[in-house]
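Next come the chains, spelled out residue by residue.
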Amino acid sequence: KLHPWSFECNRTMGYYYSKNCGVCVHTSCLLGLGALCVVPGDILSPVQPRTKAAIPLHLTLWNLRARPVGWGSQFSESAIEWKPVQLSRRQTLHQCVPIGGKGSTFRFCTTVQRDGYPKTQQAEPGHTITIQPPVTVYNLLPTDMTVRVVMNGSTVLHSVKPGKRASLYEVDPGNGLNFGVILDGFPHCEDVFVPLARDYILRLCVYDGVKRPLWLYAKTEVSGKALKVYVLCPFWLENCTGLPLIFKNDGSRIEAAGQHDEHERARSVSPLLFSYSLPDLPNKCCVRVGSLCPTLSGKPLWSQRFRLEKSEGDFIQIHVSQGYNKPDLIHEIGYTTRRGKGLYVDTMIVKFVTRFLLFNNSSHRLAYLQRYETQQETGATPSIALPNSMTPYNWSRVDLDQLLCIRIQDIPDCHWSSGFKLSVDDSFHVIMRGALDRSYFVRVQVNLKDATYHVVFSDAAHVPPPFRIENLGKVPVMFYQKRIVDVSLRRELKPQQSVPYAWDEPTFPKSLVLAVMDGPQQKVYDINQMGEKEPLTYENYIYISAECSLPSASQSRVSGAMQRHMSQTSVPELVLDVPQGSAVLFRRREANRLSQLWRMTAAGQLEHMGSALSRRSERKTPIVLDVADESPSCITLVIRRLDKGRASTQTWKFDGDRRLSCGMPRMYVQPRGGLRLMADGCDAVLAPDSYVSGGQRIPPEQVLRVVKQKEGSGTLSVRVSPDGSTRVVQIVDKVARRMASSDQVLTRPRRLRSQLSRSSSVDSTMQYETSVDREPDLVGNDFQVILSLGSGVSLSVINSVPEELCYVTLSGLEVNFLDTGVSQSLDVSVQQIQADNQLIGAQTSALLYRMQRSGQSEKDGSPICSVAVKRSPSRHAGVEVVKRLVVTLRPVTLQLEERLLLKLLQFGGFTVDNDSEPGQELLPPSDQLHGAVARPGSAAKIYYIDTLTLNGIDLKLSLLTSKLLSEDLIAVRRQLPVSLVKFANASIILDTYNRQHSCDSLRVHIDNIGKHYAKQFKGQAASIIGSVDFLGNPFGLLHDVTSGVSGVVTSGDLPGLVARVAHGVTDSASKLTGSASNILEKATMDEGYEARRARISEGAKSSGDHLVAGVKGLAHGFWGGLTSIVSQTYEGATKEGLGGIVTGLAKGVAGTVTKPAVGVLDFASGAAAAVSAGTASQPLEPKPVRHRRYCVGMGGVLPQYSSMLAKGWDILLKLNDGNRNERLIAYEALQYKKAKMCVIISSYQLFFFGSTVPNDKNDLLIHVKLADLQRCVPITKPSNTGTGMVCYLQLVVHEAERGVRTKLVRCDKENISRKVAQEINYAKSLYEEQQQMVVIPSGRSTETW
């Protein structure tokens, strides 16, 4: 006995492998069915739900009946007939009456279709019987639904879960039915009548508890005697804001249906079903905050109206009136609209989200407030974001500055950061100040996702700081950002100190102010630009000190007694001072005391800085050192105003012995009373060199030393240099800079290096790794690879059919890779790029090629595409440093064909959602929200790109729509976010994308580039609209006219003007008439006519092709009009029976009028296109690089490319009128000498041509069908001249009229005859195997086999 289950089900792959191929029963019902053979009365095992089983062969000739398992019904009254079904399908409705006459009648529909078995004279089993419910209702709503069907006075109720379906076996849809639904919260419904005639879209109105209407849609799909009803709502409103939101139709006085008090208090978790209330109201929506929200204080106001249909990240403001002259509380919420997928394609899902989401991916508790709230008088309590948390955020005052401030709550001395924007895509470091000049850093990344700005805070330890300030000079330096007034944000950088830095105010100008501490001069620097900057100078005043009073001074000139005296009296370091009045004294040195500071001018005067700085605002004459009008033997030093008449006493100099003197000979500055009376406060006098010392040659009290107030030369060199992703601001004394090499980073002192290596902080977030000194490049360690391919490389794209989609050729490819040890660079250039459209019957042969400008040589030496990348090694594991990335693309022409575009999307992994499980189409909102951002712990690698440049693109874009598309391509087209329209030669100019110092993850970089070009393409909408065919391509006409006029003006080319104007006018006329014929074609309602018309115009490129296509279209239109009534009526009768006759007759009458009109328009379009192609000023597109590849070899595997097979494939397609199911076996040359001959062997026939390169059927000599071929053998015969043996192919052919005949075909060599005979015999055996194969019908999925 046959096993009851003769099938295997692989759940993973979804394939059914049938072991018995007699009659197969396939049930899509949700309960088991039992099958009965009336004679001899055998009951078969039940067929489980949604499975497939085979009827034993010895029972297939008897009548088959079925009944449900566990229903309590008898077997079906009518038998399931399969014998009459040969070509078309047969659909029947069966019913099973209850046993005992009590209960409901069970009904089911059967569809009988013959499988692809070989045709026979008598009826033989080879059919598939599909059993399905008479009515199936799909719940495409997010809530439970109760289906109500009223039929013959009885009501049938069924409950359906969201995303599920219900089978109604009690319902007979033959005469139509009254249909209604009841939803949770919508207890009332107005039933609609659902007919079984054809597919409909019906409006279904349900009412909530207060009689507010909600309009649903009931889409019906008729399949023979079975009916499918899809219940859907036009809009789902998902509230993900955390606020209670109430919606209404704009212009309506009541809220939308389904909203109650609970919606006023808190947000609804489930989506809200929404539809526009009345047709006379605008299709716009309004929203407000719930009035019963516990945290709300004020009166909610309705927002501005907005559209729900299209939104790519818009936002709205919802006001709440506070009253009492208080500003309104404003909530900003974003919303995005996306179309459902699969069965939900007619539903728009509108998601309302908070405008900002804060993700704390750091290891700290972060406090955050709006900037104005950080002021002490506001008393605002900061919100806290815990680590690894997500928090929605809304501005507390939209009318004030929208800047966010943060601080690290874990650190007590951490102050608030400055405010930064949340509405701009960016990534940056935020710096927060602490006690003891400590700095704390947090990295912030802002990215717009749909309508929400995702603000991600993360630890800055794994990312280097953007800047580092290094003070390698000898004086302390103060630095701060330009326009900063707060003194606490101005930091002192001591000598030999280095600190990381980020902008204190991200919204302020990106400039740094540098100044020497206590110095009057400040300079502003742009540290985003590398290189040497303007030097920073400072005034370095001097002290004039007595050398003998210095602790470390040499006392070689002082006697031993005098040294003992000085040590006993403890004389301090004495300098010239003017404590008060004008007298100059020797006083103890005090740091930064102005009265002790002097400046030597270029003219030799010693200007007193204490007097100069105190009187700077008065702008008086400088005060300089002078002498009193006393006895010339000992003159007291004083200060006076600069006087030209006293130049001799106001001009000073230091001689070689470091003694200070003026114009009075042999008079030197010294303390009054000499060395013995030198003390703090003694007078400074000008006396002879022997005044006290009694003739000593160089008295020690006369030796003075100049001591600078500050160390250094007075000039600081400022330089900005890169260190990985960090820009280093180096401040070095000018003298030290001169000593260093100009092309190397200045070597840091050991003290600074040790300080940097011990860089510590209270938290790992603030720790940064600093770079070591750069080592000089080692000579001879460079590694370079140069690859030059003159002919280039080619890429053939082949899908799984298999068929070649496109063939890409990169000519003149040059690759240059250089590794110097400290950097790697890669330069790639391509001289020419051409991508050929290799689809059979393609409307254009070239997909992508170089655009040729007028007057430009075809052999332009510049590359069409170049890429330059330079990378530097990074000392941080999570950071890649790219110094330069530049991409350049020359003007190109891109001609997209819809069929090729859809096939490339399939090849690239664009999948179509499965409709079998509609509940999987929509994910919960929370899943989509959280999945959009990388969670903590999944830190992406950071790419620092110093210069990222994608040069502007000049593009000629065309899109050619296709008419004959397969079901899988139509399914892909439905999933596209935009509708494809036909346009030609739209001039698209995309601006350059340029970013400097970008430090983001790779995903963010790609998102930013995508947003840039998406914005650019939106800006080119006018150019695309002006080039569409249904408007006649007005931009193209304007371009032709202007270029013709320009040619006449510049060179007097009058014939060129006529040709260009003729081309533009005829091209526009061709496009207008072609668009009109395509629109009118829809009125014929004849799919066969549309397919034949599409094949007529397929592949027309030259003037002759267009003219021939126009003539054929005219003839086809008139012939279709003459035969429309008869053909359409017959087709309707064979498919739908009596009802189809009426439908077919109506279609025939419409076709009688519309088809000739379409033919006339086709002729006009073809004639205009012929003139347009003949007057084109230059070739429209280059020739293909090679013939399309033949992708099916022996055994079905992909063969190596062969030009012979490719040419043979093109010839075969011309011979069989484009029949792609006929396989090419071989294309061989038989004779090369005097009489040239070749053969094309296909899976159905043989063609022998009298030329090795046949052009058309006129070269055809012998045509043999494999069905008539009996055998083929190679033979040899003596030649007629007796000089040798001659090789032949002996073909034994059975002809219907002449019987069996033998044909001889001569070959040049014996090996050729043997090889060709072997290939012919292989084709014959393959043909015989195909006759016994089960061919899968084109409309059936292979997954059921």
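Scroll up for the structure.
The model shown is predicted, which means the values in this text are computed figures rather than measured ones. (Residues numbered from 1 in each chain as written. Predicted model: local features only at pLDDT ≥ 70, side-chain atom pairs only at ≥ 80, totals over all residues. Heavy atoms only, no water.)

*Asks:* Explanation requested: the state of the cysteines in the structure shown.
*Replies:* Following the criterion strictly, the structure yields 0 disulfides and no others. No disulfide involves cysteine 286; its sulfur sits 6.4 Å from that of cysteine 285, the nearest cysteine. (Disulfide = S-S within 2.5 Å.)

*Asks:* Just to check I follow, could you spell out the pattern of salt bridges for this structure?
*Replies:* Should their charged atoms come close, side chains of opposite charge can pair. Enumeration over the complete set of coordinates arrives at 41 salt bridges. Linking arginine 288 and glutamate 255 is a salt bridge whose minimum nitrogen-to-oxygen distance equals 3.3 Å. You can see arginine 288 sitting in strand β23 (residues 285–289) and its partner glutamate 255 sitting in the loop between β21 (245–249) and α1 (261–265), a full 33 residues away along the chain. Look at glutamate 255 and you get partly exposed, because its relative accessible area is 25%. A single salt-bridge network, built from bridges that share partners, covers Glu255, Glu264 and Arg288. (Salt bridge = Lys/Arg side-chain N within 4 Å of Asp/Glu carboxyl O. Helix = DSSP H or I, 4+ residues; strand = E, 2+ residues; numbered from the N terminus. Buried < 20%, exposed > 50% of the residue type's maximum accessible area, 1.4 Å probe, protein only.)

*Asks:* Would you take a moment to explain the pairing of strand β61 (residues 824–837) for this structure?
*Replies:* Consecutive side chains along a regular strand alternate between the two faces of the sheet. Examined bridge by bridge, strand β60 (residues 804–819) and β61 share 13 bridges and lie antiparallel to one another. Counted as the bridge partner of serine 811 is glutamine 832 from β61. As consecutive antiparallel partners, β60 and β61 are separated by 4 residues, and within that stretch glycine 821 has a phi angle of approximately 95°, a positive value. Bridge count for β61 against strand β63 (residues 865–872) is 7 bridges, and the pairing is antiparallel. Residue pairing for β63: serine 825 is matched across the bridge by lysine 870. Bridge count between β61 and strand β62 (residues 846–850): 2 bridges; the pairing is antiparallel. Opposite aspartate 836, over in β62, you have alanine 846 as the bridge partner. (Pairing = 2+ DSSP bridges.)

*Asks:* Before we go on, may I ask you to explain the packing of helix α7 (residues 898–907) against helix α9 (residues 967–974) in this structure?
*Replies:* Taken N-terminus to C-terminus, the directions of α7 and α9 make an angle of 85°; their axes are 10 Å apart at the nearest point. By the angle class used here, α7 and α9 are roughly perpendicular. The residues of α9 that touch α7, namely those facing Glu898, Arg899, Leu902, Lys903, Leu905 and Gln906, are Asp968, Leu969, Val972 and Arg973. For the contact of α7 with α9, the class distribution of residues is 4 nonpolar, 1 polar and 5 charged. (Axes fitted to C-alpha atoms, helices over the stretch in contact; angles between N-to-C directions. Parallel < 35°, antiparallel > 145°, perpendicular 65-115°, else oblique. Contact = heavy atoms within 4.5 Å. Nonpolar A, V, L, I, M, F, W, Y, C, P; charged D, E, K, R; others polar.)

*Asks:* Could you clarify how one ought to interpret the sheet that holds strand β25 (residues 312–321) in this entry?
*Replies:* Strand pairing in a sheet takes place through backbone hydrogen bonds and is either antiparallel or parallel in direction. Strand order in this open sheet of 6 strands is β22-β20-β27-β26-β25-β24, and the pairing throughout is mixed. Pairing within the sheet leaves two strands with one partner each, and these edge strands are β22 (272–274) and β24 (299–300). Relative to strand β26 (residues 329–339), β25 runs antiparallel, the two being bridged by 8 bridges. Pairing of valine 320 across the sheet is with leucine 329, part of β26.

*Asks:* How do you make sense of α9 when you look at a structure like this?
*Replies:* Each turn of an α-helix holds 3.6 residues, which means side chains three or four residues apart point in the same direction. Among the residues of α9, those classed as buried are Leu969, Ile970, Ala971 and Val972. Looking at the packing, one finds that the buried side of α9 touches α7.

*Asks:* For this particular structure, what's the right way to read the pairing of strand β53 (residues 667–671)?
*Replies:* Counting buried residues in β53 gives 5 out of 5 residues, a clear majority hidden from the surface. Direction of pairing for β53 relative to strand β54 (residues 682–688): antiparallel, over a ladder of 5 bridges. What sits directly across from glutamine 670, in β54, is valine 685.

*Asks:* What exactly am I supposed to notice about the packing of aromatic side chains here?
*Replies:* How two aromatic rings sit relative to each other is given by the distance of their centres and the angle of their planes. Enumeration over the complete set of coordinates arrives at 27 aromatic pairs. Centroid distance phenylalanine 306 to tyrosine 335: 4.9 Å. Interplanar angle 45°. Geometry classified as tilted. Linking phenylalanine 306 in the loop between β24 and β25 with tyrosine 335 in strand β26, this pair joins segments that are 29 residues apart in sequence. Judged by its relative accessible area of 5%, phenylalanine 306 falls in the buried class. Judged by centre distance (6.1 Å) and plane angle (70°), the ring pair of phenylalanine 306 and phenylalanine 352 falls under edge-to-face. Taken together, the residues span a long stretch of sequence, with phenylalanine 306 in the loop between β24 and β25 and phenylalanine 352 in strand β27 (residues 348–354) at a distance of 46 residues. Of the two residues, phenylalanine 306 and phenylalanine 352, both sit in the buried class. Counting every residue linked through ring pairs, the aromatic cluster contains Phe356, Tyr368, Tyr393, Trp395 and Tyr453. Here arginine 483 stacks its cationic end above the ring of phenylalanine 508, 4.9 Å away from the centre of that ring. (Phe/Tyr/Trp six-rings, centres within 6.5 Å; stacked < 30°, edge-to-face > 60°. Lys NZ or Arg CZ within 6 Å of the ring centre and 35° of its normal.)

*Asks:* What is the right way to look at the environment of glutamate 1319 in this model?
*Replies:* For glutamate 1319, the position within the fold is in helix α18 (residues 1310–1331). Taking the C-alpha atoms as reference points, glutamate 1319 and cysteine 1272, 47 residues apart in sequence, are found 9.7 Å from one another. In this structure, glutamate 1319 is in contact with Ile1225, Ala1226, Glu1228 and Ile1241, ignoring residues within four places of it in sequence.

*Asks:* Whenever I open this one, the sheet that holds strand β34 (residues 439–449) confuses me. Can you help?
*Replies:* An order of β31-β28-β35-β34-β33 is seen for the 5 strands of this open sheet, with the pairing classed as mixed. Each of the sheet's edge strands pairs with one partner strand only, and the pair in question is β31 (389–393) and β33 (426–433). Direction aside, neighbouring strands of the sheet carry axes that sit 25° apart on average. Judged from the 8 bridges that link them, β33 and β34 form a sheet pairing that is antiparallel. Paired with aspartate 426 across the bridge in β34 is valine 446.

*Asks:* Is there a simple way to think about the side chain of glutamate 897 in this case?
*Replies:* Here glutamate 897 shows up in strand β65 (residues 892–897). Engagement of the side chain of glutamate 897 in a polar contact is seen with the backbone nitrogen of glutamine 843, the distance being 3.3 Å. (Polar contact = N/O pair within 3.5 Å; in protein donor to acceptor, adjacent residues only side chain to side chain.)

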